[in-house]
Amino acid sequence: MTYKNSSAPAGIYKKTMAAKIWRYKWLYLMLAPVMLYFLVFKYAPMYGIVMAFQKYNPFKGIFKSPFVGTEVFRKVLSNHNFWISVKNTIVLNLLVLVVNFPLTIIISLMLNEIRHLRFKKLTQSVLYLPHFVSWVVVAGIARATLFTTNGGTVNMLIESLGGTPKSFLGDAGWWTVMYVIMNTWKEVGWGTIIYLAALTGIDESLYEAAYLDGATKMQRIVYITLPLIKSTVVTMLILQVSRVMSIGLDAPLLLGNDSVINVSEVIATYVYRLGIVRNDYSQATAIGLFQSVVNILILVLADRFAKLIGEEGII
Amino acid sequence: MTLGKRNKSNDYSGVKESFTLLDVFIYIFIGLAAIICLYPILNVLAISLSGYQEVLSNSVTWYPKNISFAAYKDIFRRKQIWQAMWTTISVTIYGTGTGLVLTTVAAYVLSRNNLPGRKYFSAIILFTMYFSGGIIPTFVVVKGLGLVDTLGALFIPQAVSVFNFVIMRTFFRELPESLEESAQIDGATELQVLFKIVLPLSVPIIATVGLFYAVQYWNDYFQSLIYITTDSKYTLQLRLRSFLFGQELDAQAQVSGDRGQIMTQSLKMASIMFATFPILVVYPWLQKYFVKGMMLGSVKG
């Protein structure tokens, strides 16, 4: 690159690092507000983690509250409710993963086989739609019409088939099923978009050659399509397994109620009750830290595993 | 193989393939999946538009019976829900605007291959995806800045989404570098390159990321729950929650029951439709963009 198009006085700074940086001054200036945002709202809170090692006092603040070492952690780790929330987080996440992950791949493969373009477009539009509906609405649908004991759609169906109505919202076992169903309803369709994106790059002549060689549709799916999306599948699996300890607060809090709290209390709702409702900042921060550390450990392990089986990994 | 190169249509190059049993199964399965996705929404719409007796007897399925707009008239009369609607519209506009500007700038700058230090800046951003201070330390910072119980708390603390940054950066990286270089040789400044060359080529990804931000703010429940304490500042989702799961509507329905007989159920369903309607309206328009944007942004991501 010649220094003609550089805005710096090229004769002086030529080829030095400073000249390079000066050349891109506008870009750095544009980037500054973004970096400031991350500094203030993502990195400053990381400093706040010290609260987990303090007996935090809101009147003294982070800088003056007394340090107590690992006392807060010992308190958290010896609390029965904490372990229940950890267990529930893992159980709910794994159940959703076990149902949604294969279903997403199956539906993607099926959508990829549909040659009727209008049918494909229409069904895709409808399948993506639930992702754009809020959890408040989804919970409203589940609790007010779909799974209500008296007159709910599902119970009416059960009754018309001769069964007895179930208390889907009040029974711990059924509540878990309902939680998984609502997650499946909301996210499976949307999940297909990533596999369909991976499949758009496929060379059509591969299918054609297989067809001419007499391969059946099933054989083409198994021997051509599946291997082509394998790396996407592995990446998605790593990402989702590494999120097994993170859970949104919306779904469990909005779908849950007091009678199922033993299965619906997850880390996010527990931190919310402890930190925001009861103002125990130290304990809530400690739980957040525990969660972040476990997340990173799982992510690293999953990444190693992916590399072990010859995939790219994500870090 | 030469036979196949003749056309690039989506079916295997004009080879007429028979419709197998597997195809029948696929069409039925996908069709059913679509019906399952759509039914609950149709059911909500139908109940919100049906008459008192029909809702009372639980006989409404996917279409309205004895059409009545009474529930909507009742919902529209409530000042609270309009207030909440206005709050949510404001937050969505501010949040989407801020998010789009910051994300586009960051993604554009950090997609430039020869920018010194770009790897470090990217790393600083990406690291926050894997490790965070957590809910409470973030809350303490927001509180310290005096943002609690203001509209600002609903979008400033989460102004840039790392996921959106990643798909946008992937998109910009795919643009040919020579475009920008030739423009610069012609004397265009960095800002001119961004506005005159890069942005016009990036409509699908901007629409996609804009939609993601807008939906995130429109549907937000968590941020409003922890940061908003004053009733008059409630967002749409908070208001909807108190309508759906609180006692507000039950008491009201008894009163209006004397006037025109509306089921609480219809009111609840009408408020769901009220809160979801804007999304349902823009969804078909934006769909072609976000499908394209996701494909382009995520292929290599």
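Computed from a predicted structure; not experimentally measured.

## As for helix H6 (residues 80–113) of chain A
Counted at 1.5 Å a residue, the expected span for H6 of chain A with its 34 residues is 50 Å, and the 50 Å between its end C-alpha atoms agrees. Considered for burial, the residues of H6 of chain A that qualify are Phe82, Ser85, Asn88, Thr89, Leu92, Val96, Thr104, Ile107, Ser108, Met110, Leu111 and Asn112 of chain A.

## Let's talk about the domain arrangement of chain B
Residue and element names in this part refer to chain B. Domains assigned within chain B are domain 1 (21–68) and domain 2 (80–301). Taken over C-alpha atoms, the centre of domain 1 sits 30 Å from the centre of domain 2. Every contact between the two is made by eight residues of domain 1 and, on the other side, nine residues of domain 2. Looking at the side of domain 1 that touches domain 2, the elements that each hand over two or more residues are helix H1 (21–49) and helix H2 (52–56). Considering each element in turn, the side of domain 1 that touches domain 2 owes the most residues, four residues, to H1. Here the residues of the side of domain 1 that touches domain 2 are counted per class, giving six nonpolar, two polar and no charged.

## Describing the environment of Ile28 of chain B
Residue and element names in this part refer to chain B. Secondary-structure assignment places Ile28 in helix H1. According to the C-beta neighbour criterion, Ile28 is exposed, with 10 such atoms within 10 Å. Counting along the chain gives 61 residues from Ile28 to Ile89, while the straight-line C-alpha distance between them is 40 Å.

## Notes on the confidence of the model for chain B
Residue and element names in this part refer to chain B. Looking at chain B, pLDDT values average 86 and 88% of them are 70 or higher. Mean pLDDT across the elements of chain B ranges from a minimum in helix H14 (residues 248–259), with 57, to a maximum in helix H7 (residues 152–155), with 97. The model gives residues 1–14 a pLDDT under 50, and that stretch makes 19 contacts with residues more than four places away or in other chains. Across the assembled chains, the prediction reports ipTM 0.88 with pTM 0.89.

## What about helix H10 (residues 190–201) of chain B?
Because each turn of an α-helix spans 3.6 residues, side chains separated by three or four positions in sequence point in the same direction. Residue and element names in this part refer to chain B. Between its terminal C-alpha atoms H10 stretches 16 Å, which fits the 16 Å expected from twelve residues at 1.5 Å a residue. For H10, the full list of buried residues reads Glu190, Val193 and Leu194. Considered in projection along H10, the buried side chains sweep an arc of 95° and stay on one side of the axis. What points out from H10, more than 90 degrees from its buried face, is the exposed set Leu191, Phe195, Lys196 and Pro200.

The rules we used
Residues numbered from 1 in each chain as written. Chains lettered and ligands numbered in written order. Predicted model: local features only at pLDDT ≥ 70, side-chain atom pairs only at ≥ 80, totals over all residues. Helix = DSSP H or I, 4+ residues; strand = E, 2+ residues; numbered from the N terminus. Expected span 1.5 Å × (residues − 1). Buried ≥ 20, exposed ≤ 12 C-beta atoms within 10 Å, placed from the backbone. Domains from an automatic or database assignment. Contact = placed C-beta atoms within 7 Å. Nonpolar A, V, L, I, M, F, W, Y, C, P; charged D, E, K, R; others polar. pLDDT = per-residue confidence, 0-100. Arc of directions from axis to C-beta.

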